[in-house]
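Read off the chains here:
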Amino acid sequence: MTQVMRKLLLYAAIPAVFACSHDGGAGLNPPPPPPAPTVATVTRAPGPSQLVVQNDILYWLDSSSAPFKRLSLAGGATPVALFQSFSAPENELSDGSYVYWVSGARLFRSTLDGTITTRLDSADSPAPAVMAMDTNNIYWVGAAPSSCSPPCRWSIRRVPKTGGAATTVATTADAVVDFMALAVTGGYVFWEEGGVGPAAADGSVGSKILKVSLAGGTATTVVDGLENGLIPPPSPGFIPASWHPRGGIVADTDSVYFADADFFQSYRVMSVAVNGGPINILLADTTYDMNDFVRSMTSDATTLYWVDLNQVRSMAKTGGPVTNLAGPRTIPPWSVTRVGSNLYWIEAPCCAHGDRGKIYTVPISGGTPVIRQDSLDSPSSIASDAGHVFWLEGGAIGAIEGFASLRSSALGGGNARTLIESAAGGPFAADANAIYWADKWTIKRLPLAGGPPQRIVTGDFYIQDVATDGVNVYWVENGPFSVVRSVPVNGGAITTLGAGPGPAGRIRIDGTYVYWLAHDDEIDRVPKVGGTPIRLVGPIPGLATDFALDANNVYISGWDSGTIWKAPLAGGTLTSLASPGPDQTRRIEADGGKVYWIDQRDVASLTADGHTQVPIYGGVLSDPFSHNGLAFDSHSVFWTEVADDAILKATPK
């Protein structure tokens, strides 16, 4: 017996709870109920929730890693995933053929246009997002199995660029500390570990630089926990901390270059032979600023380049004068890369909502910096190949607000594009060209014709719901106040339309107004062009879970009251239409003179005058804390059953 048949038999055994009419008639021979619709399973999906029908295609949101899917309502069609969801990219490299990037405990390879992404490797759990490469392989760091939680050991993994099994090059005792703290050259892998100490008297404990042959073998120490004797051994009775590595490492066939900081008044730039030995202090810079240290380093055959808190600098690898290449920087540089005879770097404030950054370039000999990219959203690391720069946007603030991406452009700044947009599912709407959805604080767009997700705009707080009329996207932000805003469907300037009490609920639109549920007990309205908001309905007795519109009325699903209400759009009092039961996270829709609803038990419809109530389906499999989706086309009504991982339909509706 199918699941649907079992539910229909269950429903047949449930006593009728729907009234035939609201006119109080007591006729002995009431008219027979209409015939029951045919119920069928449309498709299976993990945790499906919201539904939209657009041009005979069903779109839905589910809990899988491909959160949005579509299904043609023509017979024989199969579901199509619209995109694969990725978490925030954390580091990136390119060899001119592909861009390689790390997210969480996974290593990916993407084409330079971002259309095809392949997972190359996975580790047991996340680790510092450190990467390096040679001609044939990518080297990255993943957590290694260990007895402590969170993990306290990490492995440096070698993965063929073409795909294949990963091999462990080395296992580290401490975390590899910086995005640039891994280098491959001269048949060796070099890495920098950050040890918190206390440093041992023999230098065996603490921050280190180590190396291991690509052919395998035992790792050897290049720089020990006492910086090869620069730090005096601890006196009896003292417990010293270790040195503080910053800025990553650069390695060539002869030397390794690195920096440290005391986070009080100075930083140093140093070099050491690849086999260890005495450390050369190339620069001891007294800054008197705990935030001033080396952020990122790169090099060519003869020269070392780096950025600190307020300068872009260079020095011969053998030491000597330091050159400031770009004058004083008022916004901190974060990351630098070199392409031929030019440097490219990112400048951005740190870690606040709405921070914007830039990419600059300057010749390696110095000069006037030129902006290549402007108004970037919290940019962080930068990488390059012979024809492109690649950068990350989002960082820590992006994880909170729902935006993070891997982007690229030509060296001259043209052809900027988003290759990877981190995107989680959320409330969505659709027009003839795209779906639009809320991802935390962010509105994103996905063309129905296919392609990667596109970030349209970031709001000022968590977005509760979205709607679109094909010209603009409208949303309501859920904070201490409910704030309604709009933006053109292809992005642009944000318009704040109005605000009301919080928390915010559902949002709806018609040809003239935006309506939203505010404070769980009122429906507010504001013109789509902006203006003065009004409270159209409220306070609603017993709070509300949802509302819907037709040309004349607003329909409201009561929460504690268990009542379906209506009120005129022109203004007026609430009228009770039906009482399907309290304490349900009920969803409601209006169509063609009828009102439909779904809760954790039933799907039903009601004429707008309240006279004819029709049970469509009973025995819905859900739970009290989940919203089931509800939508319809001209023939059928569709709904989700979150607890049963199913989308069903009833025909006729």
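All figures in this text were calculated on a predicted structure; none of them were measured in a lab. (Residues numbered from 1 in each chain as written. Predicted model: local features only at pLDDT ≥ 70, side-chain atom pairs only at ≥ 80, totals over all residues. Heavy atoms only, no water.)

Draft legend 1. Summary view of the sheet that holds strand β18 (residues 250-251). Spatial strand order, β18-β19-β20-β21: 4 strands in an open sheet with antiparallel pairing. Of all the strands in the sheet, the pair left with one neighbour each is β18 and β21 (280-286). As paired strands, β18 and strand β19 (residues 255-261) are joined by 2 bridges and run antiparallel to one another. When the bridges of β19 are listed, A251 appears paired with V256. (Pairing = 2+ DSSP bridges. Helix = DSSP H or I, 4+ residues; strand = E, 2+ residues; numbered from the N terminus.)

Draft legend 2. Quick look at the pattern of salt bridges. By the definition in use, this model includes 29 salt bridges. Notably, a salt bridge pairs R313 with D308, separated by 3.4 Å at the nearest N-O pair. A residue is classified by how much of its surface remains accessible, and R313, at 9% relative accessible area, is buried. Measuring nitrogen to oxygen at the nearest pair gives 2.5 Å for the salt bridge that ties E347 to R329. (Salt bridge = Lys/Arg side-chain N within 4 Å of Asp/Glu carboxyl O. Buried < 20%, exposed > 50% of the residue type's maximum accessible area, 1.4 Å probe, protein only.)

Draft legend 3. Just the side chain of D599, in detail. Among the secondary structure elements, D599 is positioned in the loop between β51 (594-598) and β52 (602-607). D599 sits in the buried class, given a relative accessible area of 1%. Excluding anything up to four places from it in sequence, D599 contacts Q584, R586, V620 and N628. (Contact = heavy atoms within 4.5 Å.)

Draft legend 4. How the structure looks around unusual backbone geometry. Of note, the amide linkage connecting G538 to P539 takes the cis form, showing an omega dihedral of 0°. Relative to the helices and strands, P539 resides in the loop between β45 (534-537) and β46 (544-549). Following T651, the chain continues to P652 via a peptide bond in cis, the omega torsion being -5°. When you line up the elements, P652 lands in the segment after β56 (646-651). A positive phi angle, close to 55°, is found at F263, a residue other than glycine. Turning to its location among the elements, F263 is positioned in the loop between β19 and β20 (266-273). Given a relative accessible area of 25%, F263 falls into the partly exposed group. Notably, L543 is not glycine yet its phi reads approximately 70°, a positive angle. If you trace the backbone, L543 turns up in the loop between β45 and β46.

Draft legend 5. View of the pairing of strand β14 (residues 182-185). In this sheet, strand β15 (residues 188-193) lies alongside β14 in antiparallel orientation, the contact comprising 4 bridges. When the sheet's bridge partners are listed, V184 is paired in β15 with V189. Hairpin connection, β14 to β15: the antiparallel pair is bridged by 2 residues, and G186 has positive phi, about 60°.

Draft legend 6. Seen up close, the nonpolar core. If you look at the biggest cluster of nonpolar residues, it comprises 17 residues, and the most contacted ones within it are V141, I156, L182, V189 and W191. Counting residues per element, the ones that place at least two in this core are β11 (137-143), β12 (154-160), β13 (167-172), β15 and β16 (208-213). Of the residues forming this core, the biggest block, 3 residues, is contributed by β11. (Core = buried A, V, L, I, M, F, W, Y, C linked by side-chain atoms within 4.5 Å.)

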